[in-house]
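Below, each chain spelled out in residue letters.
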Amino acid sequence: APLPERKKPAIAFAAGLVFGALGVAIYLKSAKDFFICVGMFLFLSVVLPGIGSLLGWGFAPAYGAWRAHTSNETAGF
């Protein structure tokens, strides 16, 4: 579902890069996005010990930017 207001993908990426899932959730104002990012982080950390944590952390900024971009397109902003 689209977000209620326009969000900038670059800011979502930066928030995810610096603060991880919490940054994405705060910027997008969505608990669902927090749980998706945390879930992926935990999954990758267990499946790929060591490198999985880095990949899981890197998922948050990519997901945040994608979510903001697709939400803006869907909502017609």
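Residues numbered from 1 in each chain as written. Predicted model: local features only at pLDDT ≥ 70, side-chain atom pairs only at ≥ 80, totals over all residues. Heavy atoms only, no water.

(A) Seen up close, the packing of aromatic side chains. Counted by the stated rule, this structure contains three aromatic pairs. Relative to F35, the ring of F34 has its centre 5.3 Å away and its plane inclined at 75 degrees; by these criteria the two rings are edge-to-face. Note on F34: relative accessible area 27%, which makes it partly exposed. Seen in terms of ring centroids, F59 and Y63 are 5.6 Å apart; in terms of plane orientation they differ by 20 degrees. Their pairing is stacked. Here F59 and its partner Y63 are both found in helix α4 (residues 51–75), four residues apart, which amounts to about one turn of the helix. The buried category is assigned to Y63, whose relative accessible area is 10%. Members of the aromatic cluster, joined through ring pairs, are F59, Y63 and W66. We note K7 situated over the ring of Y27; from NZ or CZ to the ring centre the distance is 4.9 Å. (Phe/Tyr/Trp six-rings, centres within 6.5 Å; stacked < 30°, edge-to-face > 60°. Buried < 20%, exposed > 50% of the residue type's maximum accessible area, 1.4 Å probe, protein only. Helix = DSSP H or I, 4+ residues; strand = E, 2+ residues; numbered from the N terminus. Lys NZ or Arg CZ within 6 Å of the ring centre and 35° of its normal.)

(B) Molecular detail of the side chain of N72. The topology assignment puts N72 in helix α4. On the basis of relative accessible area, N72 is assigned to the buried category, the value being 6%.

(C) Here's a closer look at the pattern of salt bridges. Tallying each qualifying case throughout the model produces three salt bridges. Linking E5 and K29 is a salt bridge whose minimum nitrogen-to-oxygen distance equals 3.6 Å. With E5 in the segment before α1 (9–19) and K29 in the loop between α2 (21–28) and α3 (31–47), this pair connects stretches of sequence that are 24 residues apart. In this structure, D33 and R67 form a salt bridge, with 3.0 Å as the shortest nitrogen-oxygen distance. Of the two residues, D33 is situated in helix α3 and R67 in helix α4; the sequence distance between them amounts to 34 residues. No difference in accessibility class separates D33 from R67, as the two residues are buried. Linked through salt bridges whose partners overlap, the residues forming this network are E5, K7 and K29. (Salt bridge = Lys/Arg side-chain N within 4 Å of Asp/Glu carboxyl O.)

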